[in-house]
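Below are the chains, spelled out letter by letter.
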Amino acid sequence: MPKRSSSFVIKGPLAVLIVIVIMSCAVYQLLTDPDFFVTGDEITPAVPVKTQPPAKVTPVTETTAASGSPSSITVYFTDPLAANAKDKVGGPDEVLAQAINNAKVSVDMAMYNLSLDSIGDALLAAHERGVRVRLVMESESMDGDLPQDLMDAGIPIVGDGKQGLMHNKFTIIDGEEVWMGSLNLTTSNTYNDFNNLVRFRSKRMVQNYTKEFEEMFNDHLFGPDKLPETPNPVISLGGGTVETYFSPDDGVAQHVVDLVNSANQSIYFLAYSYTSDEIVQAMIDRMKAGVEVRGVMDESQYKSNTGTEYDALRKAGADVRLETIPGLLHHKVIIVDGKAVAFGSYNFSRNAEKINDENLVIVFNPAIAQKFVTEFERIFAVSK
């Protein structure tokens, strides 16, 4: 638009008409933007009785997009103990594949490892019908057959090209929803291992993960090269509060320590790799204050890791067990007081904190936390 002269002034009926048009546009945006349109009760932050998010940032309240839209937060777990697991069917990959099949505009995926045919077929089909499909992967994982097939079809994939790992596992669909968690999209991770996959329907969560994705895909920034620029680190969503963190730029360990320090009753955890001295010390300190600490760790990592915290926790009196199924305990989960839960790709380790590209969310929502409590108890019962 040409720049107006400073001497140009609109007067009379024309000025009134322009004001009316501008106000009408503003009202239309208010009524149609999914971030503002309210149907039913407006979502407000739920403050847990015992566990509250750190008072660092005022949460941004996000409302549901429209009547009848899916839940804001939906949790899925793999089940290697299920009868259908041996047939490699019925896993959460099928739900994600269907979401990709429904994509109309875009699919952006950051995935450490990718080999599932269900996901590959969905990505190829999306690409063929004109959906923009982009991937970021760990460079060594790009040598697999499926990534090669995707690139041969014209789907761009950017590798990290570094010693640290691009260890994220998230997918952004149509600028409307984020799927994240501990699940690599491989057959073994989906059907042999314990994992979580969580869908967030939230434009502000999308903004957070899109910022992270584009830093990697467009700017080729990985690991310590990135800056802490998460647009919406704390939002109110689905009746609770959600914090979003990326490592190594956001100092994730301190946020996990803050969560652990807030415990008044119980701390339950499921950990693939657990070597963080600062997190374990926070747990031990809460134990001394009378907080119950129970956990399950992956047996293979316990045997191979240097500096694993299993022995320190057992010595302090925590009821910690080793998962012994043929597959892996691949969760990275901490549940506090049954009201708040941290999860994502972030292992409780130095590499996750200082070197790798990772993501972790902390959800202050008893309903969501209880889903993870149920998963914890299921795994705890079959561990020793």
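Residues numbered from 1 in each chain as written. Predicted model: local features only at pLDDT ≥ 70, side-chain atom pairs only at ≥ 80, totals over all residues. Heavy atoms only, no water.

1. Points about the overall build of the chain
Check the secondary structure of the chain and you find twelve helices and 16 strands. Within the chain, contacts between residues at least 6 apart in sequence are counted, and of these 75% link residues at least 24 apart. Put simply, the chain shows about 16800 Å² of open surface, and 53% of that area lies on carbon and sulfur atoms. (Helix = DSSP H or I, 4+ residues; strand = E, 2+ residues; numbered from the N terminus. Contact = heavy atoms within 4.5 Å. Areas by Shrake-Rupley, 256 points an atom, 1.4 Å probe, with all protein chains shown as cover.)

2. Some points on the packing of aromatic side chains
In this structure the tally under the stated criterion is 13 aromatic pairs. Between the aromatic rings of F77 and F372, the centroid separation amounts to 5.2 Å while the plane-to-plane angle is 85°, which identifies the pairing as edge-to-face. Of this pair, F77 sits in strand β2 (residues 73-77) while F372 sits in helix α12 (residues 366-381), and the two are 295 residues apart along the sequence. With centroids separated by 5.1 Å and ring planes inclined at 75°, the aromatic side chains of Y209 and F246 adopt a geometry described as edge-to-face. With Y209 in helix α6 (residues 203-217) and F246 in strand β10 (residues 240-247), this residue pair connects regions lying 37 residues apart in the sequence. (Phe/Tyr/Trp six-rings, centres within 6.5 Å; stacked < 30°, edge-to-face > 60°.)

3. Quick word on unusual backbone geometry
The residue after S247, namely P248, is reached through a cis peptide bond having omega 5°. One can find P248 in the loop between β10 and α7 (252-261). A positive phi angle, near 55°, is found at D174, a position not held by glycine. Looking at where D174 falls in the secondary structure, it is placed in the loop between β6 (169-173) and β7 (177-181). Residue classification places D174 among the partly exposed residues on the basis of a relative accessible area of 22%. (Buried < 20%, exposed > 50% of the residue type's maximum accessible area, 1.4 Å probe, protein only.)

4. Side note on the environment of G91
Along the polypeptide, G91 turns up in the loop between β2 and α2 (92-101). A C-alpha to C-alpha distance of 7.6 Å links G91 and D79, two positions twelve residues apart in sequence. Apart from the residues within four sequence positions on either side, G91 is in contact with T190 and Y191.

5. Details of the sheet that holds β7
Spatially, seven strands are ordered β2-β8-β7-β6-β3-β4-β5 in an open sheet, and the strand pairing comes out mixed. Every other strand in the sheet has two partners, leaving β2 and β5 (157-159) as the edge strands with one partner each. Pairs of neighbouring strands in the sheet enclose a mean axial angle of 15°, with direction left out of account. Strands β2 and β8 (196-201) of the sheet are contacted by α12, whose axis makes an angle of about 5° with β2. (Pairing = 2+ DSSP bridges. Axes fitted to C-alpha atoms, helices over the stretch in contact; angles between N-to-C directions.)

6. Things to note about the pairing of strand β4 (residues 132-137)
Counting buried residues in β4 gives five out of six residues, a clear majority hidden from the surface. Pairing between strand β3 (residues 106-111) and β4: six bridges, direction parallel. Along β4, the bridge assignment pairs M111 with M137. As for the winding sense of the linkage, the β-α-β connection from β3 through helix α3 (residues 117-128) to β4 is right-handed. Bridge count between β4 and β5: three bridges; the pairing is parallel. Paired with L135 across the strands is I157, a residue of β5. Following the chain from β4 across helix α4 (residues 145-152) to the adjacent parallel β5, one finds a crossover that is right-handed. (Right-handed = clockwise from strand over helix to strand, strands pointing away.)

7. Some details on the pattern of salt bridges
Under the counting rule described, the total for this entry stands at 13 salt bridges. Here D108 and R134 are joined by a salt bridge, their closest N and O atoms 2.9 Å apart. On the criterion of sequence distance, the pair formed by D108 in strand β3 and R134 in strand β4 is long-range, its members being 26 residues apart. With respect to class, D108 is no different from R134; both count as buried. Here R378 ties to E375 by a salt bridge, and the two come within 2.8 Å at their closest N and O atoms. (Salt bridge = Lys/Arg side-chain N within 4 Å of Asp/Glu carboxyl O.)

8. Description of the confidence of the model for the chain
Chain-level pLDDT for the chain is 85 on average; 82% of the residues reach the 70-or-more range. Predicted confidence for residues 1-10 stays below pLDDT 50, and this span has two contacts to residues more than four positions away or in other chains. Taken as a whole, residues 60-68 scores under 50 in pLDDT and shows 34 contacts with residues more than four places along the chain or in a different chain. (pLDDT = per-residue confidence, 0-100.)

9. Describing the nonpolar core
Counting 42 residues, the largest nonpolar core has F200 and F343 as its most contacted members. If sequence neighbours within four positions are ignored, F200 has contacts with S72, I73, E176, E177, V178, M180, M205, L237, V242, F343, V361 and V363. In terms of nonpolar packing, the next biggest core, distinct from the first, is built from 36 residues, V257, L259, A271 and L360 among them. (Core = buried A, V, L, I, M, F, W, Y, C linked by side-chain atoms within 4.5 Å.)

10. Notes on the side chain of S266
Counting through the fold element by element, S266 comes out in strand β11 (residues 266-271). Residue S266 is classed as buried on the basis of its relative accessible area of 8%. Here S266 is in contact with V291, E292, I335, V336, D337 and G338, once residues within four sequence places are set aside.

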